[in-house]
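Listed below are the residues making up each chain.
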Amino acid sequence: MFEWKITPDTLVTLAGFLLVAWQMRDGNRQRKIESQIQLQAVNRELLTLGFSNPELFKVLEDAEDVDPKIETYYLQLWLNQFCLFDALSRSGGFKRDVRDSLEIDFRDMMQMNNMRRLWKKCGKFYPASFQESVNDILNEAGHKTPKPAMKRLRS
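My aim in this report is to walk through the structure given alongside it, one point at a time. (Residues numbered from 1 in each chain as written. Predicted model: local features only at pLDDT ≥ 70, side-chain atom pairs only at ≥ 80, totals over all residues. Heavy atoms only, no water.)

Bringing helix α6 (residues 128-140) into the picture now. Its 13 residues place the ends of α6 18 Å apart at the C-alpha level, agreeing with the 18 Å of an ideal helix rising 1.5 Å per residue. F130, Q131, S133, V134, N135, I137 and L138 are the residues of α6 that are buried. Considering only its buried residues, α6 is in contact with α3 (68-90), α4 (96-110) and α5 (113-122). Phi turns positive one or two residues past the end of α6, at G142, with a value near 90 degrees. (Helix = DSSP H or I, 4+ residues; strand = E, 2+ residues; numbered from the N terminus. Expected span 1.5 Å × (residues − 1). Buried < 20%, exposed > 50% of the residue type's maximum accessible area, 1.4 Å probe, protein only. Contact = heavy atoms within 4.5 Å.)

Listed below in C-alpha cells is the structure:
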C-alpha cells in the first residue's frame with residue numbers, strides 16, 4: 001500500500017507550485033485587462049480623428065459624398081481593429097459583457113453600405129476565422145456572402 005510522507009521539502013515544493021500557479025493566473029488576468037484598455041484606446045483614437053477631419057464622421061454616417069480614398073483607409077483601420085477584437089475574443093481575452101458590447105458595435109458597423117463594399121473588396125485578406133465571423137454577421141442580416149475558399153500558402 002502506498003504511504004504519504006509529508007516532509008518540509010514537500011511542503012516547500014507544493015507552496016512554490018501554488019505560488020507560481022497563482023502568479024500565472026494573476027498575470028493572465030492583467031494581460032486581459034491591458035488588452036481591453038489598449039483596444040478601447042485605439043477606438044477612442046479612431047473616433048477622435050474625426051474632430052480634426054470631419055469627413056471621417058461622414059464615413060461613420062455612411063454618407064455618399066465622401067472621398068473614396070479617405071473612406072477606404074479609415075474603414076480599413078476600423079476593420080483591422082475589429083479583426084483584433086475578434087482574435088482577442090476567441091482567445092478568451094474579454095469578459096462576456098465586454099465582448100457582447102463590442103460585438104454590437106461590430107455588427108452595427110458591418111451594416112453600413114461602405115463597410116460592406118470594403119469587406120467585399122478586401123475581406124479575403126483577413127484570417128479565415130475573422131472572415132467566418134464577418135460573413136456570419138452579414139448572412140444573418142440578409143446580406144448573402146459566399147463561404148471563403150482558403151488556400152494554403154506554401155513556403
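Attention shifts here to the packing of α3 against α6. The angle between the axes and the distance between the axes are what describe a pair of packed helices. At their nearest, the axes of α3 and α6 sit 10 Å apart, and the two run at 105 degrees to each other. If you check the angle between α3 and α6, you find them roughly perpendicular. Taking contact as the criterion, the partners of L79, F82, C83, D86 and R90 in α3 are, on α6, S129, F130 and S133. Here the contact of α3 with α6 is built from residues that sort into 4 nonpolar, 2 polar and 2 charged. (Axes fitted to C-alpha atoms, helices over the stretch in contact; angles between N-to-C directions. Parallel < 35°, antiparallel > 145°, perpendicular 65-115°, else oblique. Nonpolar A, V, L, I, M, F, W, Y, C, P; charged D, E, K, R; others polar.)

Applying the stated rule across the entire model yields 9 aromatic pairs. Ring geometry for F106 and F130: centres 5.8 Å apart, planes at 20 degrees, overall stacked. One end of the pair, F106, is in helix α4; the other, F130, is in helix α6, and 24 residues separate them in sequence. Each member of the pair F106 and F130 is classed as buried. Members of the aromatic cluster, joined through ring pairs, are Y74, W78, F82, F85, F106, W119, Y126 and F130. (Phe/Tyr/Trp six-rings, centres within 6.5 Å; stacked < 30°, edge-to-face > 60°.)

Before going further, it helps to examine unusual backbone geometry. Positive phi values are uncommon outside glycine, yet D62 reaches one of about 60 degrees. Along the chain, D62 falls in the loop between α2 (55-60) and α3.

Let us now look at the pattern of salt bridges. Side-chain pairing between opposite charges can occur once the charged atoms of the two side chains come close. Inspection of every chain in the model, using the stated rule, returns 7 salt bridges. Three or more residues are tied together by salt bridges with common partners; here these are R96, R99 and D100. (Salt bridge = Lys/Arg side-chain N within 4 Å of Asp/Glu carboxyl O.)

Coordinates in, geometry out; function isn't part of it.
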